[in-house]
Amino acid sequence: MAVRYNKLWKMMIDKDMNKTQLRKAAQISTNAIAKLSKNEQISMDTLTKICDALQCDIGDIVEYVGDNKEQK
């Protein structure tokens, strides 16, 4: 299962927020930020923490691209 977090990065730019600020606001680990940067899967718990911090829905930050679609 392949996912992309491009929507998250765009939202962070709109909110003038960097990765360190997101990590602190959502109270997530640096490992989770690293996985996000590599478009790797993270736990639902981590996703909900990010959504709570950014006041958004999961669909606003994650895009499912499937296994057969090319990741960019």
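Parameters and conventions
Residues numbered from 1 in each chain as written. Predicted model: local features only at pLDDT ≥ 70, side-chain atom pairs only at ≥ 80, totals over all residues. Heavy atoms only, no water. Helix = DSSP H or I, 4+ residues; strand = E, 2+ residues; numbered from the N terminus. Rg over C-alpha atoms; globule rule 2.2 N^0.38 Å. Buried < 20%, exposed > 50% of the residue type's maximum accessible area, 1.4 Å probe, protein only. Contact = heavy atoms within 4.5 Å. Areas by Shrake-Rupley, 256 points an atom, 1.4 Å probe, with all protein chains shown as cover. Salt bridge = Lys/Arg side-chain N within 4 Å of Asp/Glu carboxyl O. Arc of directions from axis to C-beta. Disulfide = S-S within 2.5 Å. Axes fitted to C-alpha atoms, helices over the stretch in contact; angles between N-to-C directions. Parallel < 35°, antiparallel > 145°, perpendicular 65-115°, else oblique. Left-handed = near helix turned anticlockwise from the far one by under 90°. Nonpolar A, V, L, I, M, F, W, Y, C, P; charged D, E, K, R; others polar.

(A) Layout of the overall build of the chain. Along the backbone of the chain there are 4 helices and 2 strands. Along the chain, helices (α) and strands (β) appear in the sequence β-α-α-α-α-β when read from the amino end. In terms of overall dimensions, the chain is globule-like: its C-alpha atoms have a radius of gyration of 12 Å, near the 11 Å expected for 72 residues. In terms of its C-alpha atoms, the chain occupies a principal-axis envelope of roughly 35 × 25 × 20 Å. Every one of the 72 residues in the chain was classed for burial, and the buried ones make up 36%. By sequence separation, contacts in the chain at least 24 residues apart represent 62% of the contacts at least 6 residues apart. Total accessible area on the chain stands at roughly 4,800 Å², and carbon and sulfur atoms take up 44% of it.

(B) Quick look at the pattern of salt bridges. Tallying each qualifying case throughout the model produces 1 salt bridge. We note a salt bridge from K49 to D45, for which the minimum N-O separation is 3.8 Å. Of this pair, K49 and D45 both sit in helix α4 (residues 44-54), separated by 4 residues, roughly a single helical turn. For K49, a relative accessible area of 32% translates into the label partly exposed. Relative accessible area serves as the criterion here: at 46%, D45 is assigned to the partly exposed category.

(C) Quick peek at helix α1 (residues 6-14). The set of residues buried in α1 consists of L8, W9, M11 and M12. Projection of α1 onto a plane perpendicular to its axis shows the buried side chains occupying an angular sector of 160°, all on one side. Structural note: α1 exposes K10, I13 and D14 on the side pointing more than 90 degrees away from its buried face. Packed against the buried residues of α1 are α2 (19-26), α3 (30-37) and α4. One or two residues past the end of α1 sits D16, with phi positive at roughly 55°.

(D) Structural context of the state of the cysteines. Tallied over the full model, the rule gives 0 disulfides. Not engaged in a disulfide, the cysteine C51 finds its nearest cysteine sulfur in C56; these two sulfurs lie 4.1 Å apart.

(E) Inspection of the packing of α2 against α3 at higher detail. Packing of α2 against α3 brings their axes to within 10 Å, and their N-to-C directions diverge by 130°. By the criterion of interaxial angle, the relationship of α2 to α3 is oblique. Two packed elements cross with a definite hand, and for α2 against α3 that hand is right-handed. The segment α2 lies against α3, with K19, L22 and R23 engaging T30, I33 and S37. The residue makeup of the contact of α2 with α3, split by class, is 2 nonpolar, 2 polar and 2 charged.

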